[in-house]
Amino acid sequence: MPTPQVPMVAGAVALVLGAHLGFAAPQGPITTTFINDRVEMRFADGSVLARPAQEPLHAGGRGRRDLIFDLDVQPVADGFDAILTIANPTTESLPGGKFHIGEFLLGPSISWQDFNTDGHADTITLDEQTHPRGWGYPMQLYSPVAVARNNDFAVGVSIQYPVLEYEQSVRIELVSPTEVGGDGKAGWAIDIWLANRGDSYNDDVPAGASREYRITVRVSDEPDEWIRTLVPYREYFRNMYGGVSYTRDPRPIKATSIALQSRANSSSPLGFTRSSMRPDVHGWEPWADEFKRNRHDWNRLMVWTPTGVYRRNHQNNFPFLFTSHWLEGAQYGHNMGDAVAELSQVPGDDFALGLWWGRSCQVMREWDMPAWEPLDPDNSEHVQLAFTELDLAAQAGATMIGLDAFAHAYTPTWKLHGWLRAMQERYPQITFISESRNPDILHRLAPTYIDAYVFDPRIQDVEQLRVVKSPLVLADFLLPGHETWAGLAFNRIKQAYVGGDVPTHVIRAEAQRAAQLGYVPVIFANEAPRAQEFDAVESWRTTVPADLQLAPGPSVQIAGDDSESSSGAAAATGNNSGAGGSSNSGQDPSVTSSGIVIVNSGDGAVGAPSDGEVHRPFEDEAEKPKRRRPLVFLRGRNSRGNDDDDDDNEGDDDGE
């Protein structure tokens, strides 16, 4: 029997869901009723799962009388779908409003999956819930989903819409009414705003445009297998974009920070550690020889701060100019001009060299400058400056590039998507790693990085400092075969140990713990030789129920993956696929297979920034770093706290 469609009308329309879900208490089928634009869900015995809320299922925002809304509510066996179509016939963009889903009678205490970080469960009580808690996608949330559960069942909610096409954020909030209902019970609701009120992008429905959004609500009587409630989102995501587009490497990373802000002074302006090996004084040969010695114990090495740090404008560390400063010795009085010649000798058989690109989305034209501009891939000058850095890294033999602060807070995700593909096309032999814990839409294109610990010197309990508490469950579910790095910066937990020295056995145990959770350990320490037990396990084999597991590994796009072309990169040079390639000036404009327009920069003339403004970090209150507390995303550089002291961010300095 075909499923009826229920338009949004006044009055009561009953949707009977005949599936027997078999809840422990109560039991029986669910009846969903749509009454006066509100949803009620009941069990067969009459007990209420979700009572009609004080707010309608969807409410328009400013200008709602000028927008045309059409809401279709459709029953399914274990919940319902709500399909909203919005048409804007006006000549101005207008907000699409919000969904209010619930109120679910889950009891005074619930488990809430924290999709801001790794997806672990946090316990929230009504006493704690004094105001809505909200998170944006794609800025903070891994996926635009929410799951709340008690001991008997789980409720999962998702919103499905083409984020790359609409170029729109959404915001998901957990809400509990301040007063109990007429039944004497307090309920929980999930609001989904068709905008992320925490960022500065225009998420309104454009003039003359039409948009469609699907909200899915699913209930499962297996609360420990709550991932089942998100199957509709996975089906949408995989059908639209496919699985991972890279081959996972589970081997751990040796991490080396060769310059620290605390070491920058008048006699060592770039802050390099190890005075006998300073590349600004002795050139790169000493460090290159040191890196080669790592071949015996490691397969992969990532080098932070390869051009040093800013001394005056330390708020802008790590430097965007992560390679080009090598060639500015005559101007700044250093001796790093041999970097390409020396570093290109470091990679060997089964040994990869990586360089960490500081503040990769914050364009800076000069060394130690006070201001920056957010990277705009449609700005040919920005792209030329970025490719200057990237080209030198490739010439130095790097086959891994860490993309520091590759974040929606600086460049919207729909532009980062096209920019990442443009870089991959230019250098297909390079693995790009986006930081920090980027959303699903970017994680399918490249590995991503998450800090294992928060920095807070006041906390002495390692468990309280942990950010990584569980496998990255949504990635396991959506993108089996994903590669996710966990940064083990051990100086963030040193206050928990006598003398501030993290014991070797703890370093090994922490690395093994991360690997067993499915993360590639990125180890900032000397005393942890590469060992087989540090290889990241295939966590999706245990976090996802067997009947829901997908085949891991690379997967081609299914549909819609070129939708970012409207926000592509105005690339300033041709494709340099060789490790020692250089810019191909004079090449005719062309279009790559990803839809990125390649624009020749001609004689090197530069254009003005797209918005004509110069920005400073955390100029907006919303961008300032915040202390971590339960269910609050770490906003400093979109995850990691304030970078004013990079000693606190990148762990041991490897060799002091």
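Use the structure listed above.
Residues numbered from 1 in each chain as written. Predicted model: local features only at pLDDT ≥ 70, side-chain atom pairs only at ≥ 80, totals over all residues. Heavy atoms only, no water.

**Things to note about the nonpolar core**
Where we set the bar: We call a set of buried Ala, Val, Leu, Ile, Met, Phe, Trp, Tyr and Cys residues a nonpolar core when their side-chain atoms join them within 4.5 Å. Whether a residue is buried, partly exposed or exposed follows from its accessible area with a 1.4 Å probe, protein chains only, as a fraction of its type maximum: under 20%, in between, or over 50%, in that order. Working rule for contacts: check all heavy atoms of both residues, and any pair within 4.5 Å makes them a contact.
Among the nonpolar cores identified, the biggest contains 158 residues, and I401 and M423 are the most heavily contacted of them. What M423 contacts, discounting residues up to four positions off in sequence, is W357, F387, L390, L403, F406 and F432.

**Re the packing of aromatic side chains**
Let me state the cut-off plainly: By convention, a stacked pair of Phe, Tyr or Trp rings (six-membered ring in the case of Trp) has centres within 6.5 Å and planes under 30 degrees apart, an edge-to-face pair has planes over 60 apart, and any other such pair is tilted. Each helix corresponds to a stretch of at least 4 residues labelled H or I by DSSP, and each strand to a stretch of at least 2 residues labelled E; elements are numbered beginning at the N terminus.
Counting across every chain of the model gives 20 aromatic pairs. Ring centres 5.8 Å apart and planes at 50 degrees place the aromatic pair F115 and W226 in the tilted group. Of this pair, F115 sits in the loop between strand 10 (109–113) and strand 11 (121–125) while W226 is found in the loop between strand 17 (210–220) and helix 2 (231–241), placing the two residues 111 residues apart along the sequence. Of the residues examined, F115 reaches a relative accessible area of 4% and is grouped as buried. Ring geometry for Y201 versus W414: centroids 6.1 Å apart, planes at 70 degrees, classification edge-to-face. Within this pair, whereas Y201 is found in the loop between strand 16 (188–193) and strand 17, its partner W414 is found in helix 8 (residues 413–426), the two being separated by 213 residues in sequence. The rings of W304, W356, Y449 and F524 are connected pair by pair, giving a single aromatic cluster.

**Comments concerning the pattern of salt bridges**
This is how the line gets drawn: Criterion for a salt bridge: a side-chain nitrogen of Lys or Arg within 4 Å of a carboxyl oxygen of Asp or Glu.
Tallied over the full model, the rule gives 30 salt bridges. In this structure, the salt-bridge partner of R218 is D81, at a minimum N-O distance of 2.8 Å. Residue R218 is found in strand 17, and its partner D81 is found in strand 8 (residues 79–87); the two are separated by 137 residues along the sequence. Taken together, the shared-partner salt bridges connect D249, R251, R300, D350 and E483 into one network.

**Things to note about the side chain of S539**
Defined as follows: Each polar contact in these results corresponds to two N or O atoms within 3.5 Å; when the atoms are within protein, one needs to be able to donate a hydrogen and the other to accept it, and residues that are neighboring in sequence are counted only if both atoms are side-chain atoms.
Mapped onto the secondary structure, S539 falls in the loop between strand 27 (520–524) and helix 13 (540–543). S539 sits in the buried class, given a relative accessible area of 3%. Polar side-chain contacts of S539 include one of 2.9 Å to the side chain of D476. When sequence neighbours within four positions are dropped, the list of residues in contact with S539 reads P471, D476, H482, L517 and G518.

**Description of the side chain of Q113**
The topology assignment puts Q113 in strand 10. On the accessibility criterion, Q113 (3% relative accessible area) is buried. In this structure the side chain of Q113 is engaged in a polar contact, spanning 2.8 Å, whose partner is the side chain of R149. Apart from residues lying up to four places away in sequence, Q113 is in contact with G119, H120, A121, V147, R149 and W226.

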